[in-house]
Structure formats: C-alpha cells, structure tokens
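Reading the structure
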Amino acid sequence: MPRDRSDAVATSALSSPSAAYHAADTPPPADSTDEVREFMVRTWSELLGRSDLTEHSDFFVRGGDSLLINRLVRRIGEKFGAKVSLYDMSRRNLVDQVALVHSART
C-alpha cells in the first residue's frame, strides 16, 4: 500500500471503491467483435494461404489441419489473452469461432 511521509497509508493514492466497481461493470467496446473478426480472417488467410473465406468457412475444408489449428489457438492466446479449447475451435466455422473468441475475452 502506498505510504505518506508519516508512514501512514496514503489514501489519496488509492482508487475509490466506486470507481473500481464501475470499471468492472463497463462492457467491452462495441467494436471488439470487429477486432476479433478482422484478426481471425487475417490469421485464417495467413495460415491457410487463402483469401476466399466466408463467415461459414470451415477451417479443415479450406485446407487446415491439426497443426494449423494449434497455431491459430496459440495466436488467439497471444493476441487476446483468451483461452479457447482446441476441440471447440475445431468444431466451429469462422463466424462461430469469432463469437467463441469474443466471449472468451470478456
């Protein structure tokens, strides 16, 4: 805890409880789904070497394999700090993966 010159707790350096409460209740920015979507499309394109992706694209049908989906999951963790299941990711199309990653962020 921060201390002042008299070694007392410096209450002025502490955040107010109401400020911390409101910060925790603040929803993620409205554009955060767009950020996830852009990241996912870009990463799929890089990993698969394809640009003809739609929201209903299936990672494995488009040329993905177990090694590439592992890379995808690792990149998601690095970018968003989100932990998503490899199993869950492998069973979803692009738009559903975006929703899964977005929900894991919040």
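About the cut-offs
- Residues numbered from 1 in each chain as written.
- Predicted model: local features only at pLDDT ≥ 70, side-chain atom pairs only at ≥ 80, totals over all residues.
- Heavy atoms only, no water.
- Helix = DSSP H or I, 4+ residues; strand = E, 2+ residues; numbered from the N terminus.
- Buried < 20%, exposed > 50% of the residue type's maximum accessible area, 1.4 Å probe, protein only.
- Contact = heavy atoms within 4.5 Å.
- Areas by Shrake-Rupley, 256 points an atom, 1.4 Å probe, with all protein chains shown as cover.
- Salt bridge = Lys/Arg side-chain N within 4 Å of Asp/Glu carboxyl O.
- Core = buried A, V, L, I, M, F, W, Y, C linked by side-chain atoms within 4.5 Å.

This part takes up the overall build of the protein chain. Helix and strand counts for the protein chain stand at 5 helices and 0 strands. Each helix and strand of the protein chain, placed in order from N terminus to C terminus, yields the pattern α-α-α-α-α. Counting only residues that meet the buried cut, the protein chain has 27% of its 106 residues in that class. Within the protein chain, contacts between residues at least 6 apart in sequence are counted, and of these 46% link residues at least 24 apart. Carbon and sulfur atoms form 51% of the exposed surface of the protein chain, whose accessible area is close to 7,100 Å².

Okay, the pattern of salt bridges next. Two side chains with opposite charge may pair up if their charged atoms get near one another. Applying the stated criterion across every chain yields a total of 7 salt bridges. Linking glutamate 35 and arginine 105 is a salt bridge whose minimum nitrogen-to-oxygen distance equals 3.6 Å. Of this pair, glutamate 35 sits in helix α2 (residues 32-48) while arginine 105 sits in helix α5 (residues 94-105), and the two are 70 residues apart along the sequence. For glutamate 35, a relative accessible area of 35% puts it in the partly exposed group. For arginine 105, a relative accessible area of 33% corresponds to the partly exposed category. One salt bridge connects arginine 62 with aspartate 52, and the closest N-O pair in it is separated by 3.1 Å.

This paragraph deals with the nonpolar core. Formed by 21 residues in total, the largest nonpolar core has its most connected members in Met40, Trp44, Phe59, Leu72, Ile76, Met89 and Val101. Taken together, the elements giving at least two residues each to this core come down to α2, α3 (66-80) and α5.

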